[in-house]
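Understanding the architecture of this molecule
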Amino acid sequence: MNETAQAQASELIKQTRARVTAARVNILAVLLTAQRPLSHQDVLATLEPDADRVTVYRVLDWLTDMALAHKLAGDDRVWRFSVASKPHQHAHFQCTRCGRFYCLEHVSTDLSLTVPPQFLIEAVEITVKGVCASCLK
């Protein structure tokens, strides 16, 4: 496991004033080093053989609740997780062949939207769908 990512993960968890556990640090470190949003199975595969399936689910949910991670729902109804930028203001690309998600860091979700009175926008998600470079080969 990447020691720099683990140190960064530990510090981010400390900032929440919650208990710093090995599972939380290791799972957040996986997300910090990932090049794309990861499913529960992706995280589990990275941590094996040491990881417990239920613990990984719980920690990913906890990271989301603490705003350290955000989750995206794919067309396959599988959640993918990535480190939450504050605020999370970029789009995502989903490959229609392999289902992988990629962060599009340079595509902003800063849109001028109008909603009816008494409505409050809390988030805007933009997902571009197409075929990734790996699947095009």
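Okay, so let's go over this structure. Worth saying up front: this structure is predicted, and the values here are computed from it rather than measured.

What counts and what doesn't
Position numbers for residues start from 1 in each chain and track the written sequence from start to end. This being a predicted model, a pLDDT of at least 70 is required before a residue's local features are given, and a value of 80 or more before pairs of side-chain atoms are given or counted; all residues contribute to the totals for chains, interfaces and linings. Water and hydrogen atoms play no part in the side-chain values, which are based on all heavy atoms of the structure. Helix and strand definitions follow DSSP, with helices as H or I runs of at least four residues and strands as E runs of at least two, each counted in order from the N terminus. Each residue gets one of three labels from its accessible area relative to the maximum for its type: buried under 20%, exposed over 50%, partly exposed in between, using a 1.4 Å probe on protein chains only. Contact criterion: two residues are considered in contact whenever any of their non-hydrogen atoms come within 4.5 Å of each other. Using a 1.4 Å probe, accessible areas were evaluated by the Shrake-Rupley method; residue-level cover was limited to the displayed protein chains. Here Asp and Glu are counted as negative and Lys and Arg as positive; His is not counted, and neither are the chain ends. By convention, the charge on Lys lies at NZ, on Arg at CZ, on Asp at CG and on Glu at CD. Salt bridge, as used here, is a side-chain nitrogen of Lys or Arg placed within 4 Å of a carboxyl oxygen of Asp or Glu.

Further remarks concern the overall build of the protein chain. Looking only at helices and strands, the protein chain features five helices and six strands. Expressed as a percentage of its 137 residues, the buried residues of the protein chain come to 34%. A separation of at least 24 residues holds for 45% of the contacts in the protein chain among residues at least 6 apart in sequence. Carbon together with sulfur atoms contributes 49% to the accessible area of the protein chain, which is approximately 9000 Å² in total. When the 15 basic and 14 acidic side-chain charges of the protein chain are each reduced to a single mean position, those positions are 2 Å apart.

One pass over the structure, following the stated rule, counts three salt bridges. In this structure, the salt-bridge partner of K129 is D75, at a minimum N-O distance of 2.8 Å. With a gap of 54 residues between them, K129 in strand β6 (residues 127–130) and D75 in the loop between β2 (69–73) and β3 (79–83) connect regions that are remote in the sequence. Note on K129: relative accessible area 45%, which makes it partly exposed. Ionic pairing is found between R80 and D76, a salt bridge with its closest N-O pair at 2.9 Å.

Let us look at the side chain of H40. With respect to the element layout, H40 can be found in helix α3 (residues 40–47). Residues contacting H40, with those up to four places away along its chain left out, are R53, V56, Y57, L60 and W79.

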